[in-house]
Amino acid sequence: MAARTKNPTEMPIKCRVLQLLDEKGAMWDYELWETISKEYGISGDYWKSQVKLLLIELASGGLTSSVEQKVDDGTYFGEGAVLYKYQIEDFGRERAQQVCML
Amino acid sequence: MGAVTSLAEAIKAEQKVKVKWGFIWALWCAILWGLWYIPGTVVWYAPPYGEWAPPLFPGTDPLGEFLAAAVVITTFNAVWVLIFLLVWVGVLGKFGELIRTLRNFTNISKWFWLGAICGGPIAIFGSFMAMGIIGGAFAAAAALVYPVVGATIAKLWYKERISPRTYLGIVLIILGGILIFNPLDMIAQLQNPAAPEVLFLGYLGGAMAFLGWGIEGAVAARALDVSDPDIGITVRFMGEVFYWIIIICPLTAALFGWNIYPLLSATANADAQVWLVAAGITFAFCYVSWYKSFPLIGVGRGQAIAALYGPLAVIFVILFLGGVPAWWLILGVIVAVIGTFIMYYWEGAVVEETTREM
C-alpha cells in the first residue's frame, strides 16, 4: 500500500487501524489503543471499550484475525479481559484499498 | 474472576457475554422493526390522509395524489430517523468520527449514499405504499423476501459461493413470498372493479421493499466493513434526507405537478407527526440494534433473528390495529422465516472466529 500523505487522523478510526496493521504487522489491542488514543485525542474507559469493540467488529467482519490471545492481569482493559493480537487479512487489505483508499 | 483465570476460561466468559448481547440487540431490532409498521400504517389514517376517500382529492389524479402522499410521509420518516440518529451519535460522543467519515465522502460515504437510494426511495417508499393501500401486515411480510435479492447479488457481483443449504433457504423464502403475494388473489383483487385505482401500487410497493433492501445491504456492506456502524447508518440517512428534500420533493412537484408542498405543510400537524415521530424512533433504533448485533453473533445469525420482525409485525398488527391477515399471508411469513433461518442461522458456526463465511 502506498503511504498516505494525508494526516492519519483525518481517516475514520477503522481505516487507521487497518493502515497500522498493514504497516507495522500484527499488533496487540492495547498497543493499537495506545496509538489510536494519542492520535485521536481520546481517553477513558468509555473510549477504551469503544475501540476494543471496533477491533472486534473488524475481526468478525473478516478484515483482521486474532493470532494470539492472553488474559489481562488488569494492566490494560481490566482484570480477566481477553487481550487479542490482530493481524490484517487479505480481505482487510482489499477493503482498505477499495474504501479507505489506502 | 480471580487473578489466575485461565485463557480458555476468560475467552469462554467473554464469548458468553458477547453472544448474550448479540441476541439481545438482534431481538430488539426485530421488535422495533415489527413495531415500525404500526405507526407507518396508522399515519395513513391521520389527517390530512385519513380524511380522504378515493379519489383522494376529487377532480385530481388519484395516482398522483397517492404517490405525493407517499413521498411526503417517507420524507418525514427519513427526517425523524435522522434526528434520532444524530441525537444517538451525540450521546455516544461520535461527532468527530461522523465528520471524518463524511470528509472521506468520495471513498466511504458514497457507498452509504448509493445504498440509501435503494433503501429510501425504493424500499422504505415502497413499504409506505404497501402500508397505505394494503396494510402493515402485508408490507412487513413482503419485505421478508429481501435475503433472496441479497444472495443473488452476492452471487453475481461478489462471486460468492452459494451452499446447498443456502439454496434450500432461498427456495423456502421464494415459496413464502409466493404465499404472501398470492398471485391468484392479487389478480382477482386487481380485476375487481370496486378496487381503488391505486391498488396495484400497494403490490408494487411490496416488491420494491424487498428489492430495495436486498440491494442496499449488498451495496452498503463494503463501506460498513470499515466504518463505525452508528456512523454508517447516520451517513446513510443523511443521504436519504438529501434525496427527498433536495431532489425528489422539488422534482416531482415541478415535473408531475404533484401537491408535494401543500401536503408537506398539511402533514405538519400534531396528529400525523406523533405517528411519524414514532415511526422515526422505531426505525432509527432498529437499524442501530441490527448493526450492533452483527459483530457479536455474526451477520447471518443477526439477520435470521431480525427476520422475526415479520411474525412480530403480524402479531402487532393484530393486537394494535385489529383484524387477522389472510391465512396464506401468515403461512407465507412462517415459511419465509424458516427459510431465512436455514439460509443464515448456521452460517459461521464458529462465532468467536470470523463470522463472515463469504
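Going by the structure above, here's the rest.
Nothing here was measured: the structure is a model prediction, and the numbers come from that model. (Residues numbered from 1 in each chain as written. Chains lettered and ligands numbered in written order. Predicted model: local features only at pLDDT ≥ 70, side-chain atom pairs only at ≥ 80, totals over all residues.)

> Give a detailed account of the overall build of chain B, specifying residues and quantitative values.
A count of helices and strands for chain B gives 15 helices and 0 strands. Taken against the 2.2 N^0.38 rule, which gives 21 Å for 358 residues, the C-alpha radius of gyration of chain B at 21 Å falls within 12% of a compact globule. With the principal axes as the frame, chain B shows a C-alpha extent of 80 × 45 × 40 Å. For chain B, contacts bridging at least 24 residues in sequence account for 88% of all contacts bridging at least 6. (Helix = DSSP H or I, 4+ residues; strand = E, 2+ residues; numbered from the N terminus. Rg over C-alpha atoms; globule rule 2.2 N^0.38 Å. Contact = placed C-beta atoms within 7 Å.)

> Give me the lowdown on the overall build of chain A, citing residues and values where you can.
A tally of regular secondary structure across chain A gives 4 helices and 3 strands. Each helix and strand of chain A, ordered N terminal to C terminal, gives the series α-β-α-α-β-β-α. For 102 residues, the compact-globule estimate of 2.2 N^0.38 gives 13 Å, and the C-alpha radius of gyration of chain A, at 13 Å, lies within 12% of that figure. By principal-axis analysis of the C-alpha atoms, chain A measures approximately 40 × 30 × 20 Å. Every one of the 102 residues in chain A was classed for burial, and the buried ones make up 40%. Across chain A, every contact between residues at least 6 apart in sequence was considered, and the portion connecting residues at least 24 apart equals 57%. (Buried ≥ 20, exposed ≤ 12 C-beta atoms within 10 Å, placed from the backbone.)

> Could you give an account of the interface of chain A and chain B, with specific residues and numbers?
The partner chain B presents 26 residues to the 28 residues of chain A that form the contact. If you list the elements that add at least two residues to the side of chain A that touches chain B, you get α1 (13-24), α3 (44-60), β2 (64-71) and α4 (90-100) of chain A. For the side of chain A that touches chain B, the element with the most residues is α4 of chain A, which contributes 5 residues.

> Which residues make up unusual backbone geometry, and what are the values?
All names here are of chain B. A cis amide bond, omega 5°, links Pro47 with the succeeding residue Pro48. Here Pro48 lies in the loop between α1 (7-42) and α2 (62-92). A positive phi angle, near 35°, is found at Asn182, a position not held by glycine. Inspection of the secondary structure puts Asn182 in the loop between α7 (164-181) and α8 (183-191). Taking the C-beta count within 10 Å as the criterion, Asn182 has 19 such neighbours and is therefore assigned partly exposed.

> How would you summarise the sheet that holds β2 of chain A if you had to cite specific residues and measurements?
In space, the 3 strands of this open sheet follow the order β1-β3-β2 (chain A), with antiparallel pairing throughout. Each having just a single partner strand, β1 (27-28) and β2 of chain A make up the two edges of the open sheet. (Pairing = 2+ DSSP bridges.)

> Before we move on, could you go through the environment of Val17 of chain A and cite the residues and values that matter?
Residues and elements named next belong to chain A. You can see Val17 is positioned in helix α1. The spacing of Val17 and Leu32 is 15 residues in sequence and 7.3 Å in space, taken between C-alpha atoms. Once you skip the residues sitting within four places of it in the chain, Val17 turns out to touch Leu32, Ile36, Leu55 and Leu58.

> Could you give an account of the environment of Val226 of chain B, with specific residues and numbers?
By secondary structure assignment, the location of Val226 of chain B is in the loop between α9 (199-224) and α10 (229-256). On the basis of neighbour counts, which here come to 31 C-beta atoms within 10 Å, the residue Val226 of chain B falls in the buried class. Once the C-alpha coordinates of Val226 of chain B and Thr101 of chain B are considered, the two residues, 125 residues apart in sequence, prove to be 9.9 Å apart. In contact with Val226 of chain B, not counting residues within four places along its chain, are Pro12, Lys14, Cys15, Leu18, Arg95, Ala96, Val99 and Cys100 of chain A together with Ile108 of chain B.

> An account of the pairing of strand β3 (residues 82-88) of chain A is requested, with residue identities and associated values reported.
Residues and elements named next belong to chain A. With 5 of 7 residues buried, β3 lies mostly within the body of the structure. One ladder, built from 2 bridges, connects β1 with β3; its direction is antiparallel. What sits directly across from Trp28, in β3, is Lys85. Looking at chain direction, β2 and β3 are connected through 7 bridges and run antiparallel. Note on β3: the bridge partner recorded for Val71 is Val82.

> Could you give an account of the nonpolar core, with specific residues and numbers?
Counting 156 residues, the largest nonpolar core has Leu18 of chain A together with Ala139 and Ala142 of chain B as the members making the most contacts within it. Apart from residues no more than four positions distant in its own chain, Ala139 of chain B is found in contact with Tyr37, Ser127, Ala130, Met131, Ile134, Gly206 and Ala209 of chain B. (Core = buried A, V, L, I, M, F, W, Y, C linked by C-beta atoms within 7 Å.)

> How would you sum up the packing of helix α4 (residues 105-133) of chain B against α9 of chain B? Please name residues and give values.
Residues and elements named next belong to chain B. Viewed as axis vectors pointing N to C, α4 and α9 meet at an angle of 160°, and their least axial separation amounts to 6 Å. Classed by the angle they form, the pair α4 and α9 counts as roughly antiparallel. Relative to α9, α4 is oriented so that their crossing is left-handed. For the contact of α4 with α9, the residue count by class is 22 nonpolar, 8 polar and 2 charged. (Axes fitted to C-alpha atoms, helices over the stretch in contact; angles between N-to-C directions. Parallel < 35°, antiparallel > 145°, perpendicular 65-115°, else oblique. Left-handed = near helix turned anticlockwise from the far one by under 90°. Nonpolar A, V, L, I, M, F, W, Y, C, P; charged D, E, K, R; others polar.)

> Please provide a residue-by-residue account of α10 of chain B, values included.
All names here are of chain B. Compared with the 40 Å implied by 1.5 Å per residue over 28 residues, the 37 Å span of α10 between its first and last C-alpha is a close match. In α10, a bend of some 35° at Ile248 exceeds every other bend along the element, and Pro250, a proline, comes one to four places later. Within two residues after α10, Gly257 carries a phi angle of roughly 70°, on the positive side. (Expected span 1.5 Å × (residues − 1). Bend = angle between axes of the 7 residues up to and from the residue.)

> Account for the environment of Leu20 of chain A, naming residues and giving values.
Residues and elements named next belong to chain A. Note that Leu20 resides in helix α1. Linking Leu20 and Ile88, residues 68 residues apart in sequence, is a C-alpha distance of 9.2 Å. Setting aside its immediate chain neighbours within four residues, Leu20 contacts Met27, Leu32 and Thr35.

So yeah, pure geometry; function would need other evidence.
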